[in-house]
Structures are given as structure tokens and as C-alpha cells.
Amino acid sequence: MPLLGLGVFQITDEAECVAAIHAAFEYDYRHIDTAKLYENEVAVGKAVRESGIDREELFITTKIWPTDFGCDSARRAFETSLGKLALDYVDLYMIHWPVREGTEETWEVMQGLRDEGLIRSIGVSNFSPRRFDQQFFKRTDEVPAVNQFERHAFNTKPEWVAYCRQKGILAEAYCPLNRGQRLDDPQLVQLAEKYGKSSAQILLRHQVQEGLAVIPKSSRPERIRENADIFDFEISTQDMHVLDTLDEGKPPASGPEEDWY
Ligand SMILES: NC(=O)c1ccc[n+]([C@@H]2O[C@H](COP(=O)([O-])OP(=O)(O)OC[C@H]3O[C@@H](n4cnc5c(N)ncnc54)[C@H](OP(=O)(O)O)[C@@H]3O)[C@@H](O)[C@H]2O)c1
């Protein structure tokens, strides 16, 4: 799985989404992160087919939302997503958010779809260590390939990252740019000047250097390019620690079931 992907949340205009993905492919992204919830799976599939890039080179993620959890409904939701994407398979299918009812059944459906070859790997999103221990691993021995959760220098979630490492789950950072807020933080700006990079690039490099995947969103070609230009420099150990001090220990974003982590 490429550690850098383009996130397409909130790009609901089809032409804008297709154009952003084409720009991303031009700047060597090979990984696109969508979800049923984002209402742009059709655009993602269109951009993939138009690109002419060998399907095996691409990594396409989509996700199932809790309103579709359950045996029959999960299968139907997957088939609808695959139909909208108009692809033969999805590289990564994720449980978008854990809820009290139906998560386990949904995982079993995903395992079946994976065994049928319609999904290459299965993962989860927004799973805290507590959710994994109290819910997920009570019902299955299979370790999800990926856990995708909000993560950036201002919210580093050390326990979540350590848990993933211990279990062999790849941690993937969403909102890796903190939604573009705080890019003017003085310490971040100072580091950006030191390395001759932008604040956004420092935030992304910080995470990739720790072994996390990142899926920054932009619909502007110049930013899509900027966000990919993070593999030609290395942040020193000392400066990685400086970035860790920006952490504000924010609580996780609330999902479909308020405060249920
Ligand atoms: N699993 C989940 O529950 C979940 C939740 C949220 C997000 N996600 C995924 O994670 C992806 C990224 O998260 P996100 O979109 O919420 O936040 P983000 O990537 O942290 O930030 C995106 C914002 O930053 C701006 N931006 C992008 N590059 C920039 C740059 N180089 N300099 C300055 N500003 C820049 C974008 O504006 P422009 O577009 O105008 O450039 C946009 O407003 C989503 O697209 C989605 O795929 C998953």
C-alpha cells in the first residue's frame, strides 16, 4: 500500500473530483481514499479508467458506513460501492466507524468478499485500542490490515499508534494536515524554513517518517503536487521530538455514536 494517498472527502462535484485525481496521478500518487459517505465513488472509478494506468499499479480504498452494517446490508452496500466505482475489485475495504451493533457481522461479510477476490485487503477506521480489545478481537483473530484515524502533530494519539504497531496493523493518518488549520504555528513555520519546505510538507513528512500512511486532501493541483513532494528530505530525530511537543491531546472526533470509544 503506498504510504501517500489522495483523500477525496468533500469533493462532491464529479468534474472537480476527476480533475483532482488526474492531477494526483500526474504527480505519482497511486492511492486514492474514498468512502460511500463521500458520494464520489463514481468520479473515482471514472478517473481510474480514464487514466489508462494499469489497475494493478493503483490502490483504491472505500468504506462502509454504519447504516449499512449487518449481513445482507453489508454485502449490498459493498456491491453498490463496487458498482459505482465500476471496478473489478477494491484494494482496501474499511469499516468506516465502529458502532455497538453490527460491526462484527459486517467484518465477517468483508472476510467473505475478500475470500471471493472482490476485496484485496480489509481494514477499519476510527478504532481506539479500547474498541479493538472490547469489541473487535473478542470475535475474530484476524488482524485488520489498516486502522485509519485522525492523526497529525497537534493530535498524535500515541496509544493508538503503539497499539497498531504492537498488533501489526498499519496506522493511516486522516486529516494529516489538521484540515489546513494551524499551518502558521510558529514552531512549524520555523521547521519549514529550516528544511526549505512548507508547513504542510513538514506535517506530512513527520508522519511518513514514523511509518504511518497519509491521505491529505486537496482539489488544487499545486497543493496536490506540494503534498507529494515529501520524500527527498529527512527530519532530524531532534526535530521529530519538537513536532511531537505540538500535541494537544485532543479527544477523538465524535462519530455516529457520541463519545463511544
Ligand atoms: N475515516 C474517516 O472517518 C475520515 C474522516 C475524515 C477524513 N478522512 C480521509 O482523510 C482525508 C484527508 O482529511 P481531510 O480532508 O479532512 O483533511 P486534511 O487533508 O488534513 O486537510 C484538507 C484541507 O487542507 C487544505 N490543504 C491541502 N493541502 C494543503 C497545503 N499544501 N497547504 C495548505 N492547505 C492545504 C485543503 O484545501 P484545498 O482542497 O482547497 O487545497 C483542505 O481544506 C479525507 O479526504 C478522507 O479521505 C477519513
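The paragraphs below set out a description of the structure included in this document. (Residues numbered from 1 in each chain as written. Predicted model: local features only at pLDDT ≥ 70, side-chain atom pairs only at ≥ 80, totals over all residues.)

## Some details on helix 6 (residues 158-167)
For helix 6, every residue scored as buried is listed here: Trp160, Val161 and Cys164. End-on, the buried residues of helix 6 take up no more than an arc of 95°, which puts them together on one face. Those residues of helix 6 that are exposed and angled more than 90 degrees off the buried face are Pro158, Glu159, Ala162 and Gln166. On its buried face, helix 6 sits against helix 5 (129-139), strand 6 (146-150) and strand 7 (170-174). (Buried ≥ 20, exposed ≤ 12 C-beta atoms within 10 Å, placed from the backbone. Helix = DSSP H or I, 4+ residues; strand = E, 2+ residues; numbered from the N terminus. Arc of directions from axis to C-beta. Contact = placed C-beta atoms within 7 Å.)

## A closer look at the environment of Lys194
Relative to the helices and strands, Lys194 is located in helix 7 (residues 186-195). C-beta crowding within 10 Å serves as the criterion here: with 12 such atoms nearby, Lys194 is assigned to the exposed category. Between the alpha carbons of Lys194 and Ile235 there is a distance of 9.9 Å; along the sequence they are 41 residues apart.

## Thoughts on the environment of His152
Here His152 shows up in the loop between strand 6 and helix 6. Owing to 26 C-beta atoms within 10 Å, His152 belongs among the buried residues under this scheme. A C-alpha to C-alpha distance of 7.1 Å links His152 and Ala173, two positions 21 residues apart in sequence. Apart from residues no more than four positions distant in its own chain, His152 is found in contact with Ala173, Cys175, Pro176, Leu177, Asn178 and Leu203.

Bear in mind that shape data such as this cannot, by itself, settle questions of function.
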